[in-house]
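Listed below, chain by chain, are the residues.
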Amino acid sequence: MVTHSRLWLSGVAGLAALAAAANDAIITSDTYFYGQSPAVYPSPEMTGGAEWAAAYEKAKALVAQMSLEEKVNVTGGVDLGTGCSGSVPPNKRLNFPGMCVSDASNGLRNTDLVNAYPAGIHVGSSWNKDLARRRGAAMGGEFRRKGVNVLLGPVVGPAWRVARGGRNWEAFSADSYLSGSLAAQTIQGVQSEGVQTSLKHYIANEQELNRNPGVDEAQAVSSNIDDKTMHEVYLWPFQDGVRAGTSNIMCSYQRINNSYGCANSKTLNGILKTELGFQGFVMSDWDAQHAGVATALAGMDMVMPSGSKFWGSHLIEAVRNGSVPESRVTDMATRILTAWYQFGQDTKFPKPGIGMPYDVRQPHETVEGRDPQDRSTLLEGAIEGYVLVKNTNETLPLRSPRVISLFGYSARSADSSSPGPGDMLIYLWRYGMTPVGLDSALAGLIKSPGSRLPDIAINGTMMGGGGSGGTTPAVFVSPYDALSVRAAQDDTALYHDFGTPKPAVVGGSEACIVFGNAWAAEGYDRPRLSDNFTDTLVNTVAGQCSKTIVVLHNAGPRLVDGFVDHPNVTAILFSHLPGRESGTSLVKLLYGEASPSGKLSYTVARQESDYGHLLKPDEPAGRFKKFPQSDFTEGVYLDYKYFDKHNVSPRYEFGFGLSYTTFHLANLSIQRVQGGNSGEWPLGAIVPGGPADLFHDIALVAVEVRNTGNVAGAEVPQLYVGIPGGPAKQLRGFDKPFLQPGEVRTVQFRLTRRDLSTWDTAAQKWRLQRGQYAIHVGTSSRDLPLQGTLTI
Ligand code: NOJ
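In this text the structure is predicted, and so the values were computed from the model without any measurement. (Residues numbered from 1 in each chain as written. Predicted model: local features only at pLDDT ≥ 70, side-chain atom pairs only at ≥ 80, totals over all residues. Heavy atoms only, no water.)

As enumerated under the stated definition, the model contains 39 salt bridges in all. Of the charged contacts, one joins Glu208 and Arg211 as a salt bridge, the two residues approaching to 3.4 Å between their closest N and O atoms. In this pair, the class of Glu208 matches that of Arg211, namely buried. For Asp644, the salt bridge is made with Arg782, and the minimal N-O distance between the two is 3.0 Å. Of this pair, Asp644 sits in helix H19 (residues 639-645) while Arg782 sits in the loop between strand S28 (772-778) and strand S29 (786-791), placing them 138 residues apart in sequence. For Asp644, a relative accessible area of 17% puts it in the buried group. Assessed through its relative accessible area of 38%, Arg782 is described here as partly exposed. Connected through shared salt-bridge partners, Arg167, Glu170, Glu208, Arg211 and Glu522 make up one network. (Salt bridge = Lys/Arg side-chain N within 4 Å of Asp/Glu carboxyl O. Buried < 20%, exposed > 50% of the residue type's maximum accessible area, 1.4 Å probe, protein only. Helix = DSSP H or I, 4+ residues; strand = E, 2+ residues; numbered from the N terminus.)

Written out as structure tokens, the structure is:
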């Protein structure tokens, strides 16, 4: 029987209690925090459930033949000398070939003959569910061909609480609903190819600073969250992922309410395995395990990259001396092997790690990961994630100009013999290579990881971010490569100066394109949201060129107030992280072969201070120096909800993006749906994702979208709901119809019980309140011309 303690931090009161103690003596023992994260034991055993039933039976039969040692073996990683991020050892006696698990959510890392896909932020800005699914399926195919059983992604934590968060770009959006929708599609896409996903990082993994223990002898930062915020914001996209059937979930590095992510019985046993009825397994992030018995009892099922430190022989001993019941180990192995059967990895799956040579420079079996059929997904995915935020004086699209000038280090590839710049640091660390083509700042960083991250990656264009989500594509087209080809076709003279900080512009330039980037890599939060070097470059060029187009590759919000009001800065394109088709997609947009259709999946402020306390990571301080605290006092008010609440007007709001055509939305209709449970509380049995009737439709909202301009394009109609007592508006529906000029389409949004509910902390259930719900439909979070009311 699982008990729900009420000690769970209750809102700001609990957080204030922590703050009040700030002047007393330094805390040196974690017993101080005892009870902040409630104890939920024992760990629920999997039950199989309808969809996993057959796989579960097979797994039970296999596990029944295993000794304790054999069961423990499948729970811990080993180094098999491959390039897999982690490996589960084979069991020859039982014909289990083991598993290869590898990064990450933007493509397969650390090997040859693979693609770099548009990164999470790019997919988020495309607002395209179909593309998200296709991208997932394409990546799944590559991972399968390379013998990778588990794709370590997608990412929905961080939830972008911190604007400067170093890993936000790996995730889709600062909004939980958008993020959860795209994660679900990605999971279904990847898993449709027989590759398991590892939805990560569970949960509240919001900053890189102090993400791990050991910095100045401090423990990892604790994300202190109240129960309501936990459910309504941070859990939301994980819930979508569990419902979509993710095979496993990666527990995170940092602490939650002062209990480590991989030893937290409330979040693992309680929320994930009880409330959400999760039937898969929980895998640790790399070296995120800091205790043996505690992690086993808290619900962790697999440790990576190595089981030997806390589990392995220690887990066997813990079972033998009664500290961990053998049934818990049986459940771990059963969960892991059920997932393996569920995705057909017992048959027709390549040898684990077959396409993952440890060192691609040594002779090895060549396994092609790419499938030529995925090229349209790569290109369309790249095109749709750009967001055009300014376009005046008929600047874009370009029409066969006679002379164009290009500026900025970020227009071209760093070094054609090097891996993609996004993965540069990891690649260099791994292979110990000389940092060819890197500027001194970056080289310095490599010598002493942990030093300050440079604002920009001066070594070249940026098609992805750095760290375990970085990719090393076999084929890559930079903006300069693609523009050179197009200019030659059009007989356009293409001048460039990529190096001079304050360049002179060639006379007669009809358009000047300035490239810059805003870099991010795992392990660091971003130092700033803009950089002086690029702002100065833009202003210098704009001073001499009446049509200055700014192309920014950005791994998170990038402020533009350093140049946005310059009258000659006539176009700005947030280019995010497009992957291998970076140059090709950019040319298609600049020349109008495609109309921009991306929308910001986060808010761009006018100045850093507009993000308030959500700008930067929390630092260890005062009494909590050894136990850094990050108090999520803003509750559910992140990103646009924060800006709305505090009446701060953004530079570019969440959901905003321009097109080359125009759209008109009309005829809003709101209808109640009969038949489902629309009472105050869900009554259904728990299925993966929560009570079955939590997902019943309560209302249907429809709107007509018309392309009123002269070119074809896609619009993203967005539905926001004002739930009584909650934020003024929260995204609860979106679609992306592609329309020819004059074409009109009706789009429908289904509002489920969950979409309209709030988490009731006393009842520990989602509650559908009686009352009036404000309905807003439009084309950005601040352009919502259609209004209505839904009465429940
Ligand atoms: C640590 C990262 O946090 C995680 O995202 C990644 O999958 C693992 N390392 C494996 O590389």
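For the rest of this paragraph, the subject is the site of the ligand. Not every one of the 13 residues close to the ligand is listed here, only the nearest: Asp103, Arg167, Lys200, His201 and Asp285. Asp103 is positioned with one of its side-chain polar atoms (N or O) 2.5 Å from an oxygen atom of the ligand. Interatomic distance of 2.7 Å between a side-chain N/O atom of His201 and an oxygen atom of the ligand. For the ligand, the accessible surface in isolation is 300 Å², of which the surrounding protein chains cover 94%. (Near = heavy atom within 4 Å. Polar contact = N/O pair within 3.5 Å; in protein donor to acceptor, adjacent residues only side chain to side chain. Areas by Shrake-Rupley, 256 points an atom, 1.4 Å probe, with all protein chains shown as cover.)

Within this structure, the stated rule accounts for four cavities of 30 Å³ or more. In this model, the largest cavity occupies a volume close to 80 Å³. Trp160, Arg161, Ala163, Ala174, Pro557, Tyr602, Tyr611, Leu614, Asp639, Tyr642 and Phe643 together form the lining of the largest cavity. Of the residues contributing to the lining of the largest cavity, the split by class is nine nonpolar, no polar and two charged. What lines the second largest cavity is Pro118, Val123, Ser126, Asn128, Leu131, Ala132, Arg135, Thr377 and Gly381. Secondary structure elements with two or more residues in the lining of the second largest cavity: helix H4 (120-126), helix H5 (129-145) and helix H13 (375-384). Considered class by class, the residues forming the lining of the second largest cavity number four nonpolar, four polar and one charged. (1 Å grid on protein atoms, 1.4 Å probe; cavity = no way out; pocket = protein on both sides within 12 Å on 5 of 7 lines; lining within 4 Å. Points joined across faces, edges and corners; volume = space filled by probe spheres on them. Nonpolar A, V, L, I, M, F, W, Y, C, P; charged D, E, K, R; others polar.)

So, about helix H16 (residues 479-490). The terminal C-alpha atoms of H16, which comprises 12 residues, lie 16 Å apart, in line with the 16 Å expected from a rise of 1.5 Å per residue. Along H16, the positions that sit buried rather than exposed are Pro479, Ala482, Leu483, Arg486, Ala487 and Asp490. The arc that holds every buried residue of H16, seen down its axis, measures 130 degrees, which confines them to one face. Counted as exposed and oriented over 90 degrees from the buried face of H16: Ala488 and Gln489. Its buried side turned inward, H16 meets strand S11 (403-407), strand S12 (493-497), strand S13 (511-518), strand S14 (548-554) and helix H18 (582-590). A positive backbone phi angle near 65 degrees is found at Asp491, which sits one or two residues after H16. (Expected span 1.5 Å × (residues − 1). Arc of directions from axis to C-beta. Contact = heavy atoms within 4.5 Å.)

Further remarks concern the state of the cysteines. Applying the stated criterion across every chain, the model contains three disulfides. Residue pairing for Cys84: its cysteine sulfur links by disulfide to Cys100, the two sulfurs lying 2.2 Å apart. Across the S-S bond of Cys84 and Cys100 the torsion is about -110 degrees, and the bridge reads as left-handed. Placement of Cys84 in the loop between helix H3 (68-74) and strand S1 (86-88) and of Cys100 in strand S2 (residues 99-102) is noted, with a sequence separation of 16 residues between them. On the basis of relative accessibility, which here comes to 10%, the residue Cys84 falls in the buried class. By relative accessible area, Cys100 is classed as buried at 1%. (Disulfide = S-S within 2.5 Å.)

Among the structural elements, Thr752 can be located in strand S25 (residues 744-752). In this structure Thr752 comes out as buried when scored by relative accessible area, which is 12%. Separated by 56 residues in the primary sequence, Thr752 and His696 place their C-alpha atoms 5.3 Å from one another. Each residue touching Thr752, except ones within four places of it in the same chain, is listed here: Leu694, Phe695, His696, Asp697 and Ile698.

What follows is about unusual backbone geometry. The omega torsion of the bond from Gly157 to Pro158 falls at 20 degrees, within 30 degrees of zero and hence cis. Structurally, Pro158 is set in the loop between strand S3 (150-151) and helix H6 (176-191). With an omega dihedral of 0 degrees, the bond running from Met304 to Pro305 counts as a cis peptide bond. Examined against the element boundaries, Pro305 turns out to sit in the loop between helix H10 (293-298) and helix H11 (313-320). Positive phi outside glycine occurs at Asp287, with the angle close to 60 degrees. Mapped onto the elements, Asp287 comes out in the loop between strand S9 (281-284) and H10. Take Asp287: its relative accessible area is 54%, and that puts it in the exposed class. Although it is not a glycine, Asp639 adopts a positive phi angle of roughly 45 degrees. Relative to the assigned elements, Asp639 resides in helix H19.

Here we take up the sheet that holds S9. Taken together, six strands build an open sheet; the order of strands is S1-S2-S3-S4-S6-S9 and the sheet is mixed. Strands with a single pairing partner mark the edges of an open sheet, and in this sheet they are S1 and S9. In this sheet, strand S6 (residues 248-251) lies alongside strand S4 (residues 196-202) in parallel orientation, the contact comprising three bridges. Within the sheet, the bridge partner assigned to Leu199 lies in S6 and is Ile249. (Pairing = 2+ DSSP bridges.)

Before going further, it helps to spend a moment on the nonpolar core. Across soluble globular proteins, nonpolar side chains have a tendency to be buried as a group. Membership of the largest hydrophobic core comes to 139 residues, with the highest contact counts inside it found for Phe574 and Tyr652. For this core, the leading source of residues is helix H12 (residues 326-342), giving eight residues. Tyr652 has contacts with Val389, Lys390, Val560, Val564, Ile572, Phe574, Leu600, Thr603 and Val604, leaving out every residue within four places of it along the chain. (Core = buried A, V, L, I, M, F, W, Y, C linked by side-chain atoms within 4.5 Å.)

So, about H18. Along H18, seven of the nine residues are buried, which leaves the element largely enclosed by surrounding structure. Ser582, Gly583, Ser585, Leu586, Val587, Leu589 and Leu590 are the residues of H18 that are buried. Tucked into the core, H18 has its buried residues touching H13, H16, S13, S14 and strand S15 (569-574). Downstream of H18 by a residue or two, Gly592 has a phi angle that is positive, lying close to 75 degrees.

Relative to the elements of secondary structure, Gly166 occurs in the loop between S3 and H6. Spatially, the C-alpha atom of Gly166 lies 36 Å from that of Ala712, the residues being 546 residues apart in sequence. When residues no more than four places from it in sequence are discounted, the contact partners of Gly166 are Glu208, Ala520, Ala521, Glu522, Tyr524, Asp525 and Arg526.

If you want to describe how two helices pack, look at the angle between their axes and the distance between the axes. Packing of helix H2 (residues 49-64) against H12 leaves a shortest axis separation of 8 Å and a crossing angle of 125 degrees. Here H2 is positioned oblique relative to H12, judged by the angle of their axes. Crossing hand, H2 versus H12: right-handed. Residues Glu51, Trp52, Ala55, Tyr56, Lys58, Ala59, Lys60, Leu62 and Val63 of H2 form the contact with H12, whose own contacting residues are Thr330, Ala333, Thr334, Leu337, Thr338, Ala339, Trp340, Tyr341 and Gln342. When grouped by side-chain class, the residues that make up the contact of H2 with H12 number 11 nonpolar, four polar and three charged. (Axes fitted to C-alpha atoms, helices over the stretch in contact; angles between N-to-C directions. Parallel < 35°, antiparallel > 145°, perpendicular 65-115°, else oblique. Left-handed = near helix turned anticlockwise from the far one by under 90°.)

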